[in-house]
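Next come the chains, spelled out residue by residue.
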Amino acid sequence: MRNPKVHLNGTVLFITASVEADLIFPANPLSNLIILKCLAAAQDLYPVRLCHFVAEATHIHMVVIVDNPDDIQGFMRHLKCESAHAVNRLLGREKRTVWCERYDSPTFTDIDKVVEKIIYLYKNPAKDALSDSIDSYKGVSSWKHYQRGKNTFSTFYIPRDEFRPLPLNHSYKTYEREARLLKKKKKKNTLTIYPDAWMEAFGVTDLEDKKDLNTRITEGLYEAEQEYREQRAKEGKSVISPAKLIQTEIAAPYTPKREGKKMICLGSDKKDRVSFIESAKELIQTGREIFEEWKKGNTALKYPLGLYPPSMPKLANVVGGLE
């Protein structure tokens, strides 16, 4: 039995959702539109404060705030479901699974680890040789808005049935045309990011302190990108050209590498991590005990906040007069 997710109010999560196979969301106008419109629609229904994000062809990384645990679950379900429907309609497929069933969402236990993971998130395109720097990355991310102090992305409400099958030999021009047609006469929508909200979750409210943290992120990112640059030069390698990157077909064959173990929390200090894990285990055990009580008919007991309750067990109906 897998442990349930622990999403406590006021905490900060590092969410990663991955596709099952292939390059589903390569950097092009159509893929970028799908990701942005699905993020915005999910945020409309489930008001999650999204701080930072980067989407690549095989996965998306996000730093988010837990204001209401139920919103995190709903936000992710809507994002994955609607983007999968869009891709399947474009490819003329029916009921094909796009995303892996679960997603990773460890909780941060300290500021330094948040800074480290935001840098990691933005350095991904350079690490994966998709661009020399996040500054020139053709995929969708919050980087440029974050650097420019802009908090909203403009996108559109696009119903599922507006996505139509692509021609067999689709190309960048096809994606550009389809994205343009999908936007035509559609109601506008916005996606909002909250780049500094995670700091407040750790008690950082002073403007100078926030500025220092953002400087650490920017400088740390550029240092990491320079290291990748130097390593590629030593190995005689280069990043994929922007022209080739945007020509990558949606759902081009690819087998993603699954690395790393699932973590319940991320922290720089072992004591903090152990403390969080022990508290989470106690919470999970309480949830299991309450579920056992539900099975006995004690359904008035409330499930612990921060955990997603399992479906209410079906209880036998006793009808008077019948044996």
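Scroll up to find the structure this text is about.
Here's a quick rundown of the structure. (Residues numbered from 1 in each chain as written. Predicted model: local features only at pLDDT ≥ 70, side-chain atom pairs only at ≥ 80, totals over all residues. Heavy atoms only, no water.)

## With respect to the overall build of the protein chain
Each helix and strand counted, the protein chain has nine helices and seven strands in total. With respect to the three principal axes, the spread of C-alpha positions in the protein chain is 75 × 50 × 40 Å. For the protein chain, with 323 residues in total, the buried portion stands at 49%. Put simply, of all contacts in the protein chain between residues at least 6 apart along the chain, 77% involve residues at least 24 apart. Surface summary for the protein chain: the accessible area is close to 17,700 Å², and the carbon and sulfur share equals 50%. Between the mean site of the 51 positive side-chain charges and the mean site of the 43 negative ones, the protein chain shows a separation of 7 Å. (Helix = DSSP H or I, 4+ residues; strand = E, 2+ residues; numbered from the N terminus. Buried < 20%, exposed > 50% of the residue type's maximum accessible area, 1.4 Å probe, protein only. Contact = heavy atoms within 4.5 Å. Areas by Shrake-Rupley, 256 points an atom, 1.4 Å probe, with all protein chains shown as cover. Lys, Arg positive; Asp, Glu negative; His and termini not counted. Charge placed at Lys NZ, Arg CZ, Asp CG, Glu CD.)

## Overview of the pairing of strand β3 (residues 59-65)
Most of β3 is tucked away, with seven of its seven residues classed as buried. Judged from the seven bridges that link them, strand β1 (residues 12-18) and β3 form a sheet pairing that is antiparallel. Note that in β3 the partner of F14 across the bridge is V63. As defined by bridge partners, strand β2 (residues 49-55) adjoins β3 across six bridges and the pair is classed as antiparallel. Note that in β3 the partner of V54 across the bridge is H61. Remark: three residues form the turn of the hairpin made by β2 and β3, two consecutive strands paired antiparallel. (Pairing = 2+ DSSP bridges.)

## Remarks on unusual backbone geometry
Although it is not a glycine, D22 adopts a positive phi angle of roughly 75°. Among the secondary structure elements, D22 is positioned in the loop between β1 and α1 (29-45). Phi at K185 takes a positive value of approximately 60°, unusual for a residue other than glycine. With respect to the helices and strands, the residue K185 is situated in the loop between α5 (172-183) and β6 (188-192). The class of K185 is exposed, set by a relative accessible area of 81%.

## So, the environment of T174
Structurally, T174 can be placed in helix α5. With relative accessibility at 7%, the residue T174 sits in the buried group. Taking the C-alpha atoms as reference, T174 lies 41 Å from L266; in sequence the two are 92 residues apart. Residues in contact with T174, not counting those within four places in the same chain, are L166 and P167.

## Brief notes about the pattern of salt bridges
Counted by the stated rule, this structure contains 14 salt bridges. For the salt bridge of E116 with K113, the shortest nitrogen-to-oxygen distance reads 3.2 Å. Taken together, the positions of E116 and K113, both in helix α3 (residues 111-127) and three residues apart, correspond to about one turn of that helix. Taking relative accessible area as the criterion, K113 reaches 15% and is therefore assigned buried. (Salt bridge = Lys/Arg side-chain N within 4 Å of Asp/Glu carboxyl O.)

## Describing a negative patch on the surface
Where like charges cluster on the molecular surface, the negative patch consists of D206, E208, D209 and D212. Relative to the elements of secondary structure, D209 occurs in helix α7 (residues 207-235). (Patch = residues over 30% accessible without salt bridge, like charges linked within 9 Å, V, L, I, M, F, W, Y side chains within 5 Å.)

## Points about α7
With 29 residues, α7 should reach 42 Å at 1.5 Å per residue; the first-to-last C-alpha distance of 42 Å fits that figure. Those residues of α7 not exposed but buried are K210, L213, N214, I217, T218, G220, L221, A224, E225 and R232. Of the surrounding secondary structure, the elements contacted by the buried residues of α7 are α3, α4 (143-148) and α6 (197-201). For α7, the N-terminal cap is D206; the gap from its side-chain oxygen to the backbone nitrogen of E208 is 3.0 Å. Of the residues trailing α7, G236 is marked for its positive phi of about 70°. (Expected span 1.5 Å × (residues − 1). Polar contact = N/O pair within 3.5 Å; in protein donor to acceptor, adjacent residues only side chain to side chain.)

## What to know about helix α2 (residues 69-90)
Over its 22 residues, α2 extends 32 Å from the first C-alpha to the last, a length consistent with the 32 Å expected when each residue adds 1.5 Å. Burial within α2 is extensive, with 16 of its 22 residues counted as buried. Capping of α2 at its N-terminal end is provided by N68; its side-chain oxygen lies 3.0 Å from the backbone amide nitrogen of D70. Just downstream of α2, G92 is the residue with a positive phi angle, here 70°.

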